[in-house]
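Single-letter residue listing:
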Amino acid sequence: MDDVYTQWRASLRPKQKKRTYQHFDKSLDLDNDQDFALVKRAIENIPAHQFLPFLKFIMKDVRYRKNETGIAHRSIKPRPIMYASHLDAHIYGFYSYVWGRAYEEFIAANGSAESVIAYRKIADDGTRNKGNIQFAREVFQYIQQHGDCVAIVADISKFFDTLKHKTLKERLCAVLGVGELKTNEYKVFRSLSAFRFVLKDKAWNSAYARLAPRIVRDVRKGKSLPQAVYESGKKLVKTNKTEIGIPQGSPVSGLLANVYLSAFDSAIRSAFPNALYRRYSDDIVLVCPADVADTVLSTLKSEIEKYALDINAKKAFFVKFERQADGSVVCTDVKDGDKNPVGRRYVDYLGFKFDGQAVLLRDKTLQRSYKKADKKIRKYQLRQTGGYRHKSHKAGRKQIGSSYISNAAIAMQTIGSRITSQKKKFEKFIRKSKKNSKRPS
């Protein structure tokens, strides 16, 4: 058993070994032997462990979409993210490692290992793992090689929020090759299905300021931390009393989402063996001959319904590619799932746009890069004007750049990339922003 703990710790990245976000308990560093021993004791004594409530944040994704007349409309998509306490996160991380090994063996046996690409470590060149850039490139290369085809892009609605607990438990047992979960496994599973959480919103700071001294006082009197939290903050703690949904954000949630659709992935692979099928969490792409495109979408819908999930026809797209007389491949038609024409000529996948000949970064991907860079430069400026020079942040200022954009431009060269022009504009923005940050306000 000690070998499993050692292998698990060795598999973690530094940020996974020590998480520094605010929670009810203190941060734990798995490189510290005392902290590691504490985590091991908790894992080995799960029946006596009491999980703390998750902290729930509502992230707001701002989106700009152009309508048929070309006018951009701003919309906000709320995305609930939950963070487990530091000790609980390490427990979930351990079970993600153990269950993940069983899952890898399961999908290798059923033939869907190449199709499921999210929440897994998939080697690229032996020195690093694949990411969105490599996954997108594989799909685009497939389209260029086959020429006459249709790329069907679909998205599963409210994925994490609607996973049925009963089905998830059955699929997890199937992946682990057992009839019932062990006591320890079931308690971990139950903490993620009947999860408890505290909403961290604007009212949180004042509420926590009143709550924290009471929790500290109760712990000093001999109560456990979970007992003190639940008794002192019972008005803030909410419980998921439904039979659906798991928290998005825990170290094991992504794996469980994959486990949930393990049979679905196998069914789609078997139904269309001559097509390219990829699923990145709730994003699906399947590239096939044009004459079976309708059958593919109807099969996706019927199969996903078996798991109480839904594919929104308005967010599904048929992107048709044709090989020209000169041998080039061009996107000739795009329609939504209801066969309504869409005013664009490219496939949109994992942050990239591809028209058959060249690749560009999607506008939203670029916006995110600009926003992050601007925020980092402004933060540096505030530190300097405040008279506080933090060495690590000063070094970080020099590192502000376009590594993701640069990597994308290099990776997509074999297909035909126009990302270099986007990279030059971004670097010009960085230079201008750095120059402006030096000016006195």
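Residues numbered from 1 in each chain as written. Predicted model: local features only at pLDDT ≥ 70, side-chain atom pairs only at ≥ 80, totals over all residues. Heavy atoms only, no water.

1. Observations regarding the sheet that holds strand 9 (residues 329–336)
And step 1. The 5 strands lie next to each other as 6-7-3-8-9, forming an open sheet whose pairing is antiparallel. Taken across any chain shown, the strands that pair with only one partner, and hence form the sheet edges, are strand 6 (276–280) and strand 9. The average angle at which neighbouring strand axes cross in this sheet is 15 degrees, direction not considered.
And step 2. Direction of pairing for strand 3 (residues 149–155) relative to strand 7 (residues 283–288): antiparallel, over a ladder of 6 bridges. Directly across from Ile152, in strand 7, lies its bridge partner Leu286. (Pairing = 2+ DSSP bridges. Helix = DSSP H or I, 4+ residues; strand = E, 2+ residues; numbered from the N terminus. Axes fitted to C-alpha atoms, helices over the stretch in contact; angles between N-to-C directions.)

2. Focus on the nonpolar core
And step 1. In terms of nonpolar packing, the biggest core is built from 70 residues, with Trp8, Ile91, Val188, Leu261, Phe264 and Leu309 touching the most fellow members.
And step 2. Other than its neighbours up to four places away in sequence, Trp8 contacts Leu30, Phe36, Val39, Ile43, His90, Gly93, Phe94 and Tyr97.
And step 3. Grouped together as the second largest cluster of nonpolar side chains are 41 residues, Val153, Leu276, Phe354 and Ile430 included. (Core = buried A, V, L, I, M, F, W, Y, C linked by side-chain atoms within 4.5 Å. Buried < 20%, exposed > 50% of the residue type's maximum accessible area, 1.4 Å probe, protein only. Contact = heavy atoms within 4.5 Å.)

3. Side note on the side chain of Arg278
And step 1. As for its position among the elements, Arg278 is in strand 6.
And step 2. One buried charge, Arg278, has no salt-bridge partner; the nearest side chain with opposite charge is Glu138, at 4.1 Å.
And step 3. Side-chain polar atoms of Arg278 contact the backbone oxygen of Glu114, separated by 3.4 Å.
And step 4. Once residues lying within four places of it in the same chain are set aside, the contact partners of Arg278 are Glu114, Ser115, Ile117, Glu138, Val139, Asp283, Ile284, Val285 and Tyr349. (Lys, Arg positive; Asp, Glu negative; His and termini not counted. Salt bridge = Lys/Arg side-chain N within 4 Å of Asp/Glu carboxyl O. Polar contact = N/O pair within 3.5 Å; in protein donor to acceptor, adjacent residues only side chain to side chain.)

4. Things to note about the environment of Ile284
And step 1. Here Ile284 lies in strand 7.
And step 2. Judged by its relative accessible area of 1%, Ile284 is buried.
And step 3. Taking the C-alpha atoms as reference points, Ile284 and Ile152, separated by 132 residues in sequence, lie 7.9 Å from one another.

5. A short note on the packing of aromatic side chains
And step 1. The tally for this structure, following the rule as stated, stands at 21 aromatic pairs.
And step 2. When the ring of Tyr21 is compared with that of Tyr83, the centres are 5.1 Å apart and the planes differ by 45 degrees; the resulting orientation is tilted. Remark: Tyr83 occurs in strand 2 (residues 72–83) and Tyr21 occurs in the loop between helix 2 (14–17) and helix 3 (33–44); sequence separation between them is 62 residues.
And step 3. Owing to a relative accessible area of 31%, Tyr83 belongs among the partly exposed residues under this scheme.
And step 4. Members of the aromatic cluster, connected to one another through ring pairs, are Tyr5, Trp8, Phe36, Phe94, Tyr95 and Trp99.
And step 5. Over the ring of Phe317 we find Arg344; its NZ or CZ atom is 4.4 Å from the centre of that ring.
And step 6. Sitting above the plane of the Tyr346 ring, Lys353 keeps its charged end 5.2 Å from the centroid. (Phe/Tyr/Trp six-rings, centres within 6.5 Å; stacked < 30°, edge-to-face > 60°. Lys NZ or Arg CZ within 6 Å of the ring centre and 35° of its normal.)

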